[in-house]
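One-letter residues, chain by chain:
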Amino acid sequence: QVQLVESGGGLVQPGGSLRLSCTASRNIFSIETMAWYRQAPGKERELVATVNYSGGTHYADSIKDRFTILRDIGKNTVYLQMNSLKSEDTAVYYCTLSLRGNTYWGQGTQVTVSS
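J.: Which residues make up the sheet that holds strand β8 (residues 77-82), and what are the values?
T.: Reading across the sheet, the 4 strands line up as β1-β3-β8-β7 and stay open at both edges, with antiparallel pairing between neighbours. Since the sheet does not close on itself, it has two edges, and those belong to β1 (4-7) and β7 (67-72), each with one partner. Here the average twist between neighbouring strands, direction ignored, is 15 degrees. In the sheet, β1 pairs with strand β3 (residues 18-24) via 4 bridges, with the strands oriented antiparallel. Note on β3: the bridge partner recorded for Ser7 is Ser21.

In structure tokens, the structure reads:
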């Protein structure tokens, strides 16, 4: 069993920045994939960004060039740096970790972009 603890959400004005953190209860050196998803009210869950075991990344078109997924293996932590935030980025953001055919989810952190 793997636990994921997310933090860093909150209220930010349009154009602002936030950095989300996701800390795993085990080392992430050999983890297949870690990812960030989000779900806005009334919408389906959306894959935002992924990072694989070799550091390769993938981003959704809707956030490309604004968000960056980063990992700190020494801290067992993955970050989502979010810049130039828009109102449509408002959602609950979830961290996931995939290992040996299982996917573990964090509890989610709310991000609200509003003036």
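That shown, we press on.
J.: Tell me about the environment of Leu11, residues and numbers included.
T.: By secondary structure assignment, the location of Leu11 is in strand β2 (residues 10-12). Leu11 has contacts with Thr112 and Ser114, leaving out every residue within four places of it along the chain.

J.: Give me the nonpolar core: which residues, what numbers.
T.: Among the nonpolar cores identified, the biggest contains 32 residues, and Leu4, Met34, Trp36, Leu80, Met82, Tyr93 and Leu97 are the most heavily contacted of them. In terms of residue count, strand β9 (residues 91-99) provides more of this core than any other element does, 5 residues in total. Setting aside chain neighbours within four positions, we find Leu97 in contact with Val2, Leu4, Ala24, Ile28, Ile31, Thr33, Met34, Asn102, Thr103 and Tyr104.

J.: Help me get a handle on the side chain of Ser21, residues and values and all.
T.: Along the chain, Ser21 falls in strand β3. Once you skip the residues sitting within four places of it in the chain, Ser21 turns out to touch Val5, Glu6, Ser7, Trp36, Thr77, Val78 and Tyr79.

J.: Report on the pairing of strand β11 (residues 109-113), specifying residues and quantitative values.
T.: Burial along β11 is one-sided: Thr109, Val111 and Val113 are buried, while Gln110 and Thr112, pointing the other way, are not. With 3 bridges connecting them, β2 and β11 associate as parallel partners. When the bridges of β11 are listed, Val12 appears paired with Val113. With 3 bridges joining them, β9 and β11 adopt antiparallel strand pairing. Considered in β11, the bridge of Ala91 is made with Val111.

J.: Talk me through empty space enclosed by the protein; I want residue IDs and the actual numbers.
T.: All told, the structure shown has 1 cavity of 30 Å³ or more when counted by the stated rule. Volume-wise, the largest cavity comes out at about 40 Å³. Lining the largest cavity, in full, are Ile28, Ile31, Glu32, Thr33, Met34, Val51, Asn52, Tyr53 and Arg71. Elements supplying a minimum of two residues to the lining of the largest cavity: β4 (33-39) and β5 (46-52). Partitioned by chemical class, the residues of the lining of the largest cavity number 5 nonpolar, 2 polar and 2 charged.

The rules behind each value
- Residues numbered from 1 in each chain as written.
- Predicted model: local features only at pLDDT ≥ 70, side-chain atom pairs only at ≥ 80, totals over all residues.
- Heavy atoms only, no water.
- Pairing = 2+ DSSP bridges.
- Helix = DSSP H or I, 4+ residues; strand = E, 2+ residues; numbered from the N terminus.
- Axes fitted to C-alpha atoms, helices over the stretch in contact; angles between N-to-C directions.
- Contact = heavy atoms within 4.5 Å.
- Core = buried A, V, L, I, M, F, W, Y, C linked by side-chain atoms within 4.5 Å.
- Buried < 20%, exposed > 50% of the residue type's maximum accessible area, 1.4 Å probe, protein only.
- 1 Å grid on protein atoms, 1.4 Å probe; cavity = no way out; pocket = protein on both sides within 12 Å on 5 of 7 lines; lining within 4 Å.
- Points joined across faces, edges and corners; volume = space filled by probe spheres on them.
- Nonpolar A, V, L, I, M, F, W, Y, C, P; charged D, E, K, R; others polar.

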